[in-house]
Structure formats: structure tokens, C-alpha cells
Amino acid sequence: MRFRPGIIFLVSALMILMSCSSSKEMLEREKLLRKEGYKITESFEKFYEKYKKADYKIGATGPDEFDCSGFVQLAFKEVLGMKLSRSSQSQFVEGAPVKKMSDLKYGDLVFFNTNGKGVSHVGIYLYDKKFLHASTTNGPEINLLTRDYYKDRYIEGRRVIK
């Protein structure tokens, strides 16, 4: 059986064009998601800039002092107009679970077991494994989920933005 070079070229060209159109659709969808995510992430980063000099204090809800859940609660109220519960344990039951760290997206809550007794810390996922939270040592800060301290204590994420 002998194939003509023209037919092989035509079939190859059609396959490339078909893959390009689906790739284009995927790229467009990804751009829209990134644009939406960028706006939300940028808003949370502006919130951080506004309060980054605040101190950490257990039970505090701002504006000069925060604990982790008070910081997250105020961030969602100011940035998205959303009301969240007050404690990290009660925030942990809000929204839908995001089991894998690789499935996190902008605005997801991220939870940690920092005291060996279950949920004890919460932050807000931004992008590229970065999250915003109020740490006990530095107050509001942006940190990496991949740092050993956080990676070892990570429980799961919760998607509260619909």
C-alpha cells in the first residue's frame, strides 16, 4: 500500500488545526479564569498592604491587631462583602472541601493543625502556593504552603467563593 505525500500532509495539517482550536479555547478559558483570579488576588494583596503592620493578638479582629481567623473574616468582608464565621474551627465547616493542595484556587481558605489538636490556623490562598494569613510571630504576611512548617501542618482547603 502506497501513501501519497499530499494526503499525509493534509491529514497532519487537519490534526494540527483541530488541536489548535481546542488549545485556543482552553487558553481563552484560562485567561478568563486568570483575569477573575487576578482581580480577587489583587484585592486580597491590597488588603494585606493596608493591614500588614498590624500585630498578632489572640481573639483580635482588627484593625490594629488580629488573630488568624479575625484577619480572614475581615478580609472576606472588606474584599468580597462576604460574612464568614469568627473562629478557624467554624470557618473550617464553611464552603466545600478542597482535598488536594494542587486543586486550590484564589480565595480558598487553607487550614492547618498548628497545635496538634485539629484545626487551629487559617489563611487565604492567593496563587502559586502562596497564601495570606496572620501569623503568631509576624502578624499579617504572605507565605508559601510549601514551607516545611505549613506543608507538615496542612489539613485541607475550603472553597467559600462561589
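Located above this text is the structure these notes cover.
Reference entry: report on the structure contained in this document. (Residues numbered from 1 in each chain as written. Predicted model: local features only at pLDDT ≥ 70, side-chain atom pairs only at ≥ 80, totals over all residues. Heavy atoms only, no water.)

**Thoughts on the side chain of Asn143**
Then comes step 1: Tracing the sequence through the fold places Asn143 in strand 7 (residues 139-144).
Then comes step 2: Exposure remark for Asn143: the relative accessible area of 10% places this residue in the buried category.
Then comes step 3: Polar contacts involving the side chain of Asn143 include one to the side chain of Glu141, which spans 2.9 Å.
Then comes step 4: With residues near it in sequence (within four places) discarded, Asn143 still touches Lys129, Lys130, Phe131, His133 and Tyr150. (Helix = DSSP H or I, 4+ residues; strand = E, 2+ residues; numbered from the N terminus. Buried < 20%, exposed > 50% of the residue type's maximum accessible area, 1.4 Å probe, protein only. Polar contact = N/O pair within 3.5 Å; in protein donor to acceptor, adjacent residues only side chain to side chain. Contact = heavy atoms within 4.5 Å.)

**Concerning the packing of aromatic side chains**
Any pair of aromatic rings gets described here by the distance separating the centres and the angle formed by the planes.
Then comes step 1: Scanning the entire structure with this criterion turns up 11 aromatic pairs.
Then comes step 2: Taking the centre distance of 5.1 Å and the plane angle of 85 degrees together, the rings of Phe66 and Phe71 count as edge-to-face. With respect to burial, Phe66 and Phe71 carry one shared label: buried.
Then comes step 3: Where Phe112 meets Phe131, the ring centres are 5.3 Å apart and the plane angle is 35 degrees; that geometry is what we call tilted. Remark: Phe131 occurs in strand 6 (residues 130-135) and Phe112 occurs in strand 4 (residues 109-112); sequence separation between them is 19 residues. Phe131 matches Phe112 in its accessibility class, with the two residues each being buried.
Then comes step 4: Here the aromatic residues Phe112, Phe131, Tyr149, Tyr150 and Tyr154 are joined through ring pairs into a cluster of three or more.
Then comes step 5: Here the basic side chain of Arg158 rests over the ring of Phe92, its NZ or CZ set 5.7 Å away from the ring centre. (Phe/Tyr/Trp six-rings, centres within 6.5 Å; stacked < 30°, edge-to-face > 60°. Lys NZ or Arg CZ within 6 Å of the ring centre and 35° of its normal.)

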